[in-house]
Amino acid sequence: MSLVRRATAEDAEEVLRLRQVMIASMNPDASTDWQAASLPALRAKLSDPDGGFAAFVVDHPGRPDALAALVVGTLEYRIGGPGRPGGLLGYVFSVATDPDARRRGYARACMDELLQWFRERGAGHVMLTASPDAEPLYASMGFTRDTTPSMRLYL
């Protein structure tokens, strides 16, 4: 039996806590002020099992009511193209493991479930942004560096 399960609305606060673990690994001074405003929308997304949003988690073995690991992804439609004529693609974000639960395969197990979720829905490929620490995990799962340049505009 798998340790991984689909997150529910009841997990929302723990999902935000693990997202902050991920954010803090890149920016130790990052504020948590955003969490209260994010909670209602996250609960709604986690309550919709048929939507294009999924989070897979592992419960923390040593702390009841806590999560050990988290992987979140969205299914998006973009006009079809080479390699994905149906236009569906998966995007992975918020991959995080509680510091005291690392090196146990939890993130990989959550990723496996999310990738299966993408496959079942017909995603042609999956994209993610990898930190240097996480790149070996993703490479071992078959991810490769993308040569397409990415740009961002904050509104």
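To be clear, the structure that these remarks concern was listed above.
Residues numbered from 1 in each chain as written. Predicted model: local features only at pLDDT ≥ 70, side-chain atom pairs only at ≥ 80, totals over all residues. Heavy atoms only, no water.

**Q** Go over the overall build of the chain with me, naming the residues and quoting the values.
**A** What the chain contains, in helices and strands, is four helices and five strands. Starting at the N terminus, the α and β elements of the chain follow one another as β-α-α-β-β-β-α-β-α. The C-alpha radius of gyration computed for the chain amounts to 16 Å, which stays within 12% of the reference 15 Å derived for 155 residues, consistent with globular compactness. With the C-alpha coordinates aligned to their principal axes, the bounding extent of the chain is approximately 45 × 40 × 30 Å. Across the chain, the fraction of contacts at a sequence separation of at least 24, relative to all contacts at a separation of at least 6, is 62%. As displayed, the chain offers around 9,700 Å² of accessible surface, 55% of which is attributable to carbon and sulfur atoms. Charged side chains in the chain number 17 positive and 19 negative. The centres of these two groups are separated by 5 Å. (Helix = DSSP H or I, 4+ residues; strand = E, 2+ residues; numbered from the N terminus. Rg over C-alpha atoms; globule rule 2.2 N^0.38 Å. Contact = heavy atoms within 4.5 Å. Areas by Shrake-Rupley, 256 points an atom, 1.4 Å probe, with all protein chains shown as cover. Lys, Arg positive; Asp, Glu negative; His and termini not counted. Charge placed at Lys NZ, Arg CZ, Asp CG, Glu CD.)

**Q** Which residues make up the pattern of salt bridges, and what values go with them?
**A** Considering all chains together, one arrives at 10 salt bridges under this definition. Among the ionic pairs, Glu-14 bridges to Arg-17, the shortest N-O distance being 2.9 Å. Separated by three residues within a single helix, Glu-14 and Arg-17 lie in helix 1 (residues 12-26), roughly one turn from each other. The class for Glu-14 is buried, based on a relative accessible area of 16%. Close ionic contact of Arg-78 with Glu-76 constitutes a salt bridge, the shortest N to O distance being 2.8 Å. With relative accessibility at 36%, the residue Arg-78 sits in the partly exposed group. Through salt bridges with shared partners, a single network forms among Glu-14, Arg-17, Arg-63, Asp-98 and Asp-100. (Salt bridge = Lys/Arg side-chain N within 4 Å of Asp/Glu carboxyl O. Buried < 20%, exposed > 50% of the residue type's maximum accessible area, 1.4 Å probe, protein only.)

Keep in mind these values describe shape, not function.
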